[in-house]
Amino acid sequence: MNNISTEMFSLMEKLFPICRSITGDGVRETLDIINNYIPLNIQEINTGTKVFDWEIPQEWNVKDAYIKDENGKKIIDFKKSNLHLVSYSIPIKKRFQIDELRKHLFTIPEQPEVIPYVTSYYKKDWGFCLSHNQLLDLKSEYYDVFIDSSFTNGSLTYADLLIKGNSDKEIIFSTNICHPSLANNELSGPVLCTFLAKWLIDNKKNNYSYRFVFIPETIGAISYISKNMKVLKRNVIGGYTVTCVGDPGNFSYLMTPNDNALVDRITTHVLFHSGRKYNIYPFSKRGSDERQYNYPGVDLNIGSLMKSKYHDYPEYHTSADNLQFVKKGAIFG
């Protein structure tokens, strides 16, 4: 790796172990670390705040979670992998018979060695994720379940950074900070945006202004647009949601609803002349924050720039989306 690649990978290594969700201390810790690289404007929105027709949920944090067999052995341990716990699981301390416990266990039978990533943001529930081979190894009749989590009237945390250029017209880069230990689907976006912002700050000769947004997916984008609608509508001429940019696959671009917006024309032109293989997807294949940025009435002309498209590579939302998987990719050189 060259020096910049080494720095980027070092940042990813710092961020990878942190348990992130749509709210909570993991998001704050992540933004505090990124703030050491670029000067972020970190904001909090209180639980219960209305953002359009959504509402900021209670803040969720977790200290520990595990399942023990009848011999007291931990067979699933949140501290070994934060993917083991379904995000936003309610606290619980109870013994379960195996057939009842199975209703709260999630695996991917087609990929028996990996742990899936599962959430329950807006439904009070609990669960654990494990490899399918681990599930097949469960032999005890009873299991002790412990989840030390909390729901409080706290806040949702996000951050942005505006790098002023000669023009007030802005290009926006938006990336997510709400997934736990997933390297490509989560951390490649924030890491790339951090170092792109750092380069633009050092450049000091930018024509356009550049806005970088670090938010939890969906609810964060809705919140950010709600709080900044006027300035975004006035100044943003286009931009990207940045995710899944660290894997070894071909570049992928998901178009805006207009198909002919400036950002679409520029991106397809660059990809065409890059000499590399690439994939173009229509807006109907959307699945991330481009939905919010292009909502009717918002219409910010935001495309989504990726390597392999989310959902379309087998490591997506599993423990196989790890540091070794990203290390083989192109984000670092």
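Up top is the structure these notes are about.
Residue positions are counted from 1 within each chain, in the order its sequence is given. Where local features are concerned, this predicted model is filtered to residues with pLDDT of at least 70; where side-chain atom pairs are given and counted, the filter is 80 or more; whole-chain, interface and lining totals use all residues. Based on all heavy atoms of the structure, the side-chain values leave hydrogens and waters out of the count.

Draft legend 1. Seen up close, the pattern of salt bridges. Here a salt bridge means any side-chain nitrogen of Lys or Arg lying within 4 Å of a carboxyl oxygen belonging to Asp or Glu. Evaluation of the coordinates by the stated rule reveals 11 salt bridges. Note that Arg 28 and Asp 25 form a salt bridge whose closest N and O atoms lie 2.8 Å from each other. With a gap of three residues between them, Arg 28 and Asp 25 both fall in helix α2 (residues 25–34), about one helical turn apart. Between buried and exposed lies partly exposed: a residue is buried under 20% and exposed over 50% of the maximum accessible area for its type, with that area taken using a 1.4 Å probe on protein chains only. According to the relative accessible area criterion, Asp 25 is partly exposed, its value standing at 45%. Glu 44 is the salt-bridge partner of Arg 28, the closest N and O atoms lying 3.0 Å from each other. You can see Arg 28 sitting in helix α2 and its partner Glu 44 sitting in strand β1 (residues 41–46), a full 16 residues away along the chain. Beyond isolated ion pairs, a larger network of salt bridges with shared partners links Asp 25, Arg 28, Glu 44 and Glu 59. We count a stretch as a helix when DSSP gives it H or I for four or more residues in a row; a strand needs E for two or more, and each element gets its number in order from the N terminus.

Draft legend 2. View of the side chain of Arg 211. For Arg 211, the location among the structural elements is in strand β12 (residues 209–215). Relative accessible area serves as the criterion here: at 5%, Arg 211 is assigned to the buried category. Throughout, a residue-residue contact means that at least one pair of heavy atoms, one from each residue, lies within 4.5 Å. Dropping the residues within four chain positions of it, Arg 211 is found in contact with Asp 160, Leu 161, Leu 162, Glu 170, Ile 171, Ile 172, Phe 173, Tyr 224, Val 231 and Leu 232.

Draft legend 3. Looking closely at the sheet that holds strand β16 (residues 302–306). Between any two strands, pairing holds if DSSP finds at least two bridges. Pairing within the open sheet is mixed, and its eight strands lie in the order β1-β10-β12-β11-β13-β16-β14-β15. At either end of the open sheet lies a strand with only one pairing partner, and these are β1 and β15 (278–281). Geometrically, the sheet is characterised by an average inter-axis angle of 20° between neighbouring strands, direction not taken into account. One ladder, built from five bridges, connects strand β10 (residues 155–163) with β12; its direction is antiparallel. Bridging from a neighbouring strand, Leu 162 pairs with Arg 211 of β12. As a rule, the C-alpha atoms of each element are fitted with a line to give its axis, helices using only the stretch in contact, and angles between N-to-C directions run from 0 to 180 degrees. Strand contacts of α2: β1, β10 and β12, with the helix running at about 20° to β10, the strand carrying the most contacts.

Draft legend 4. Molecular detail of helix α5 (residues 183–203). Here the expected length of a helix is defined as 1.5 Å per residue gap, with one fewer gap than residues. A rise of 1.5 Å per residue sets the reference length of α5, with its 21 residues, at 30 Å; its end C-alpha atoms lie 28 Å apart and thus fit the reference within 8%. Once α5 ends, the next one or two residues include Lys 204, with phi positive near 60°.

Draft legend 5. Just the state of the cysteines, in detail. Our working definition of a disulfide is a cysteine sulfur pair at a distance within 2.5 Å. Under the defined criterion, the tally for this structure stands at zero disulfides. Of all cysteine sulfurs, the one in Cys 19 lies closest to Cys 178, which takes part in no disulfide; the gap is 12 Å.

Draft legend 6. View of the sheet that holds strand β5 (residues 74–77). Taken in spatial order, the four strands line up as β5-β4-β9-β6 in an open sheet, and their pairing is antiparallel. Here the strands that pair on one side only, and so sit at the sheet edges, are β5 and β6 (92–97). Along the sheet, successive strands turn relative to each other by an average axial angle of 20°, direction set aside. Examined bridge by bridge, β6 and strand β9 (residues 142–152) share six bridges and lie antiparallel to one another. Counterpart to Ile 92 in the pairing with β9 is Ile 147.

Draft legend 7. Layout of the pairing of β16. Burial of β16 is extensive: four of the five residues sit out of reach of the surface. Where strand β13 (residues 236–242) lies against β16, four bridges are found, and the strand directions are parallel. Residue pairing across strands places Val 242 opposite Leu 305, the latter belonging to β16. Looking at chain direction, strand β14 (residues 251–254) and β16 are connected through three bridges and run antiparallel. Following the sheet pairing, Tyr 253 is matched in β16 by Leu 305.

Draft legend 8. Summary view of the side chain of His 179. By the secondary structure assignment, His 179 is in the loop between β11 (170–176) and α5. When residues no more than four places from it in sequence are discounted, the contact partners of His 179 are Arg 20, Tyr 117, Asn 185, Glu 186, Glu 217 and His 317.

Draft legend 9. Here's a closer look at the environment of Tyr 253. Turning to its location among the elements, Tyr 253 is positioned in strand β14. Residue Tyr 253 is classed as buried on the basis of its relative accessible area, which comes to 0%. Through-space distance from the C-alpha of Tyr 253 to that of Phe 52 is 28 Å; in sequence the pair is 201 residues apart. Sequence-distant contacts of Tyr 253, that is, excluding residues within four places in its chain, are made with Tyr 240, Val 263, Asp 264, Thr 267, Leu 271, Asn 279, Ile 280, Tyr 281, Gly 303, Ser 304 and Leu 305. Identification of polar contacts relies on pairs of N or O atoms within 3.5 Å, with a donor-acceptor requirement for protein atoms, meaning one able to donate a hydrogen and the other able to accept it, and with residues adjacent in sequence counted only if both atoms are side-chain atoms. A distance of 2.6 Å separates polar atoms of two side chains, one belonging to Tyr 253 and the other to Asp 264.

Draft legend 10. Focus on the packing of helix α1 (residues 3–15) against α2. In the contact formed by α1 and α2, the axes pass within 10 Å of each other and the chain directions differ by 155°. The angle between α1 and α2 falls in the class roughly antiparallel. Two packed elements cross with a definite hand, and for α1 against α2 that hand is right-handed. Facing Leu 11, Lys 14 and Leu 15 of α1, the residues of α2 in contact are Thr 30, Ile 33 and Ile 34. Of the residues that constitute the contact of α1 with α2, the class distribution is four nonpolar, one polar and one charged. The cut-offs work like this: below 35 degrees is roughly parallel, past 145 is roughly antiparallel, 65 to 115 is roughly perpendicular, and the gaps in between are oblique. For a crossing to be left-handed, the near helix must be turned anticlockwise from the far one by less than a right angle; the clockwise case is right-handed. Polar here means any residue outside two lists: the nonpolar Ala, Val, Leu, Ile, Met, Phe, Trp, Tyr, Cys and Pro, and the charged Asp, Glu, Lys and Arg; Gly therefore counts as polar.

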